Every structure is written in structure tokens, then in C-alpha cells.
Amino acid sequence: MSEIHIGGFRRLQGRIPVQGSKNGVLPMMAASILSDETTVITNVPAIQDVFCMMGILKFMGCSCTLKDGELTLCPAGLDRTDLPEEYVRQMRSSIVLLGAVLGRCGRGSTCYPGGCSIGKRPIDFHLQALRSLGAEIREDGCCVQARAGRLAGGTIRLPYPSVGATENALLAAALADGDTVILGAAREPEIEELCRFINAMGGEVSGGGTGRIRIRGKKKLHGCRFQAPGDRIVAGTYLMAAMAGRGEVELAGVRPEHLKEVIRTLERAGAVFDISETAVTVSMAGRPLPLQVETGPYPGFPTDLQSPVMGLLCCASGVSRIRETVFEGRYETAAELEKLGASVTVREGEALVRGRPVLRGGRAGARDLRGGAALVVAGLAAEGETEIYDCFHIERGYEDICRDLRLAGADIRWQRQEAKEKEN
Ligand code: UD1
């Protein structure tokens, strides 16, 4: 088990290259099985969720190797259509493989997926989307079995712009007979990238990034080479870390237009931005001003940055209000932030954050991936040493958060348990 140790507040200054996008790469890995040719994805982060998806694909007979950010996937030997429970329980996004395997093999089965414990995370929209394309789906205890000779294009109406359900629908429709229209589709940049990826495989998808996506089903797709985009959530986290460190930090390898709402929000907190085509520089002089933040589907403020912004606002110069509208259980980090001297009250679906002039270092646990990142942000603003445990959550999505923040001068390091035991 590893912990993160932060030595306390330091003014941050430097340049951080941003890793490839987790939520962009995972559905692309699932899409690679739509063909039996080799696909190469570049700019892939070495994170636990990618390793977990590789584990699932290997179990299914697909060979995959990740070297220096280049992921090679050879799905020619795919011979299983059941997703292995051991991995599926670890990672919710594995559910998108169901649409892909159903499209390619006409059947697939899985147990209910896991992931972060950030609220109810049902898969009813996913299953409804697959049914709209003619799949027969049986839910049996905690297992889902899906069958279809060949899927038939159709109209899918999503009651909510679910990211995963939109991806599942896209992957299933890519090899279906005829045309599919997804109405009420999620508009996240990762969906747009997935549409481009399917097109690079020879698919015909239009409308990615809008609420209406049209897919012309193809008989066959081919392999491709594709560069994953920078991770906008990691970038957003580091913008907040830079603000906590009251410094000036340049983030390279991101598309600033994907961070519009985040940048607008952080400007209201007093940050100043300098934006180019592929980089964002943030500078911050004093304590952040208090904010009202409400999360929402893209182009709204991302739910994945709700905890990090809470971490930042713990040292704001007044009272902030945060309303989570996507995952109702995503306030668990509030209690951990209090261990660093923060004051956060959660009531009626809203968090009230009373900014403190000083946070003090302490020992707190990552409750989930982004909650862990929030503790890092708060720890960078605190006086004294902060220890963060249960960092395996953080490693699911950040390739090396300590390495990255050290590039801007943060006093932050990994403390691996084995090293600690040796010291004793
Ligand atoms: C994806 C992202 C996650 C992000 C989230 C919202 C990946 C790997 N994960 O998760 O980081 O926080 O989008 O931006 O890309 N819902 C249902 N039924 C369903 C599906 C979803 O009720 O069948 C609800 C969920 O409970 C939640 C909301 O819809 O309240 C949004 O979920 P969704 O957009 O599907 O999130 P994920 O795809 O799981």
C-alpha cells in the first residue's frame, strides 16, 4: 500500500505535461475489439484502470502490451464473450465492453460493474440502449446476459446524457445492420474522440459532441493508429493544485476549449489564465475567492472535479456552496478534508464550505479517485505535513501525481509501505 506525503505549503511554479485521458482511452480499448486487426493507441497513461482493462481484454483472448505510452491491441484471438468478474468489479467502465462484444460476437455476459463508491450507479440506460438495437437481455441476480444474432440499427433515446450508455450504444451500433440514431447523447469530449476513433477504424459516425449521434453500421472495421487526447480532469486537478500553491503553472498537452467551464469558474475564484492552443497557464496570488459551483453533464462543470474544487475552496476567503447533480454520493471526501482543518457541512444535497485562513497538515484517506486528488489539493495549501492513505484510488486515474506536482516545485512524495517497513 502506498501513501502520499506532502511537506506543506510551497509556492508552485513550473510546467507540467498532462497525461493522456483515462476516460478517453478506456472506451477506445473496448472499441478495438470491433475489428480483428491490430490497433495502436498512443499517449496512453500507465494507470490502474488501463491495466485493469488490459486484464479483461487478455482474459478474452486479445493480446495487449503497453510500452512508453503506446498500447498495442491485437484482438484476432478473441475467443471469450464473458467478462471476468474479478476485473469487472474493480472498474465500472468495463461495462462498455458489453456493447462491443455483442456487436462483434452477437453475445456477451458480465456481472454488474464496480468502480468508485460515489453513489448509485445503475446500468439500466446501457441495457435499454442495447435492447433498442435488438439485443435480448436477461438479468439474473448480479449477472447480465446479452444475445443478438446481428444487431439491427434503430433509434436510441437516452433519458439522461449518460457517458457510458452513449459509449455502449456507439460501440454496439458500429457493426449493426443499418443506421442508428442516439438521441439525448452525452456531449463529453471523450465521446467525440470515441466517434473519431471508430471513424479511424473505418466506421461512419457523425454528430459526436452533440446530443444527436448518427451511426451507419458497417459489416467490418479495421485496425487503426490513434493518439489519445490529454486528460482534462487531470489538467483541472493540477490547475486547482497550482491555485492552492498560489503560484504560476503551465499545463501542456491539453485542449483548453474542453476546460471552458472549469476555467470560467476558477477565474471567478481569482485565478488568471493565459491560454494557447494546447496549453493553459494559471496564476494565482492570494487565497481563492468563495464560489457557487454546480456540477452537470458537459459542457457543465464536471462532477469529476467537484471534490478537487472542494479541496481548493477549503482555504477560500469566505463561504462556498457546491451542489452535486450527477453522482449524489460524491460528498464523502468532506469528512476527510475536515481532518486537514477544513469546515464542510453537507446538507440537502449541497456542501457548504467555510474557507479557513489556514489549513493544517493531517492524516486523511482517499475515499475514491477524485476525492484522493482533493486531499492532495488541500494538502498543498496546508501548513505542516499531510499524509494521505488508500492512494490506490488515486493510482486508478493519475499516472504519478507526485512526479507531476514536483515539476512545479511541490514538496510531495510517495511513501511506499515496503520502504516504511524496511525503515522500521
Ligand atoms: C463517466 C466517467 C466518470 C464521470 C461520469 C460523468 C468514464 C470511465 N467515467 O462515468 O468519470 O464522472 O461519466 O461525467 O468515462 N445513470 C443511470 N443509469 C445508467 C447510467 C447512468 O441512472 O444506466 C446515472 C448515474 O447513476 C449518474 C448519471 O447517470 O447519476 C451519470 O452517469 P454516467 O454519465 O453514465 O457516468 P459513467 O459513464 O459511469
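Residues numbered from 1 in each chain as written. Predicted model: local features only at pLDDT ≥ 70, side-chain atom pairs only at ≥ 80, totals over all residues. Heavy atoms only, no water.

Section: the pattern of salt bridges
Applying the stated criterion across every chain, the model contains 27 salt bridges. Of the charged contacts in the structure, one is a salt bridge between Arg216 and Asp179, with a shortest N-O distance of 2.8 Å. Taken together, the residues span a long stretch of sequence, with Arg216 in strand E12 (residues 212–216) and Asp179 in strand E10 (residues 179–183) at a distance of 37 residues. According to the relative accessible area criterion, Asp179 is partly exposed, its value standing at 30%. Two residues, Arg367 and Glu332, come together in a salt bridge whose shortest N-O distance is 3.3 Å. Here Arg367 is found in the loop between strand E21 (363–365) and helix H12 (369–381), whereas its partner Glu332 is found in the loop between strand E18 (319–323) and helix H11 (333–338), with 35 residues between them in sequence. (Salt bridge = Lys/Arg side-chain N within 4 Å of Asp/Glu carboxyl O. Helix = DSSP H or I, 4+ residues; strand = E, 2+ residues; numbered from the N terminus. Buried < 20%, exposed > 50% of the residue type's maximum accessible area, 1.4 Å probe, protein only.)

Comments concerning the site of the ligand
Of all residues adjacent to the ligand, which total 20 residues, the nearest are Asp124, Phe125, Ser162, Asp304 and Val326. Within the side chain of Asn23, one N or O atom sits 3.0 Å away from an oxygen atom of the ligand. A distance of 2.7 Å separates an oxygen atom of the ligand from a polar atom in the backbone of Phe125. Protein chains shield 87% of the accessible area of the ligand, which is 740 Å² for the free molecule. With 3 residues, the single largest contributor to the shell around the ligand is helix H5 (residues 124–132). Partitioning the shell around the ligand into residue classes produces 7 nonpolar, 6 polar and 7 charged. (Near = heavy atom within 4 Å. Polar contact = N/O pair within 3.5 Å; in protein donor to acceptor, adjacent residues only side chain to side chain. Areas by Shrake-Rupley, 256 points an atom, 1.4 Å probe, with all protein chains shown as cover. Nonpolar A, V, L, I, M, F, W, Y, C, P; charged D, E, K, R; others polar.)

Side note on helix H2 (residues 48–59)
With 12 residues, H2 ought to run about 16 Å at 1.5 Å a step, and its terminal C-alpha atoms sit 16 Å apart, in line with that. Listed as buried for H2 are Asp49, Val50, Cys52, Met53, Met54, Gly55, Ile56 and Leu57. The inward-facing, buried residues of H2 abut helix H1 (22–31), strand E4 (63–67), strand E5 (70–74), helix H3 (85–88) and helix H4 (96–105). (Expected span 1.5 Å × (residues − 1). Contact = heavy atoms within 4.5 Å.)

Regarding the environment of Leu170
Topologically, Leu170 is positioned in helix H6 (residues 163–173). Linking Leu170 and Ser206, residues 36 residues apart in sequence, is a C-alpha distance of 11 Å. If we skip the residues at most four places from it in the chain, Leu170 touches Ile182, Ile191, Leu194, Cys195, Ile198, Val205, Ile213 and Ile215.

Section: the pairing of E5
Alternating residues of E5 divide into Leu71 and Leu73, all buried, and Glu70, Thr72 and Cys74, none buried. Sheet topology note: the strand E3 (residues 39–42)/E5 ladder contains 3 bridges and is antiparallel. Of the residues in E5, the one forming a bridge with Val40 is Thr72. As paired elements, E4 and E5 share 5 bridges and run antiparallel to each other. Within the sheet, the bridge partner assigned to Cys64 lies in E5 and is Leu73. As consecutive antiparallel partners, E4 and E5 are separated by 2 residues, and within that stretch Asp68 has a phi angle of approximately 50°, a positive value. (Pairing = 2+ DSSP bridges.)

Some remarks on the environment of Tyr331
Among the structural elements, Tyr331 can be located in the loop between E18 and H11. Considered as a pair, Tyr331 and Thr303 are 28 residues apart in the sequence and their alpha carbons are 11 Å apart. In this structure, Tyr331 is in contact with Gln306, Met310, Ile322, Arg323, Glu324, Val346, Gly349, Glu350 and Ala351, ignoring residues within four places of it in sequence. Of the polar contacts made by the side chain of Tyr331, one reaches the backbone nitrogen of Glu324; its length is 2.7 Å.

Here we look at the packing of H1 against helix H7 (residues 189–200)
The geometry of H1 relative to H7 is characterised by a closest axis approach of 9 Å and an angle of 30° between their N-to-C directions. Taken as axis vectors, H1 and H7 run roughly parallel relative to one another. Between H1 and H7 the crossing geometry is right-handed. Only Glu190, Glu193, Leu194 and Phe197 of H7 make contact with H1, whose side of the interface consists of Asn23, Gly24, Pro27, Met28 and Ala31. For the contact of H1 with H7, the class distribution of residues is 5 nonpolar, 2 polar and 2 charged. (Axes fitted to C-alpha atoms, helices over the stretch in contact; angles between N-to-C directions. Parallel < 35°, antiparallel > 145°, perpendicular 65-115°, else oblique. Left-handed = near helix turned anticlockwise from the far one by under 90°.)

Comments concerning unusual backbone geometry
Peptide bonds are mostly trans, and most non-glycine residues show a negative phi. That bond from Tyr298 to Pro299 is cis: its omega, 10°, falls within 30 degrees of zero. Note that Pro299 resides in the loop between strand E17 (292–294) and helix H10 (306–313). Despite not being glycine, Asp68 shows a phi value in the positive range, around 50°. Unusually for a residue other than glycine, Arg246 sits at a positive phi of about 40°. By the element assignment, Arg246 lies in the loop between helix H8 (232–244) and strand E14 (248–252).

Concerning the confidence of the model for the chain
Per-residue confidence for the chain gives a mean pLDDT of 94; residues scoring 70 or more make up 96%. This stretch, residues 115–119, has a pLDDT under 50; its non-local contacts, to residues over four places away or in other chains, come to 18 contacts. (pLDDT = per-residue confidence, 0-100.)

Description of a positive patch on the surface
Positive charge collects at one region of the surface, where Arg347, Arg354, Arg356 and Arg360 lie side by side. Following the sequence through the fold, Arg356 ends up in the loop between strand E20 (350–354) and E21. The exposure class of Arg356 is partly exposed, given its relative accessible area of 34%. (Patch = residues over 30% accessible without salt bridge, like charges linked within 9 Å, V, L, I, M, F, W, Y side chains within 5 Å. Lys, Arg positive; Asp, Glu negative; His and termini not counted. Charge placed at Lys NZ, Arg CZ, Asp CG, Glu CD.)

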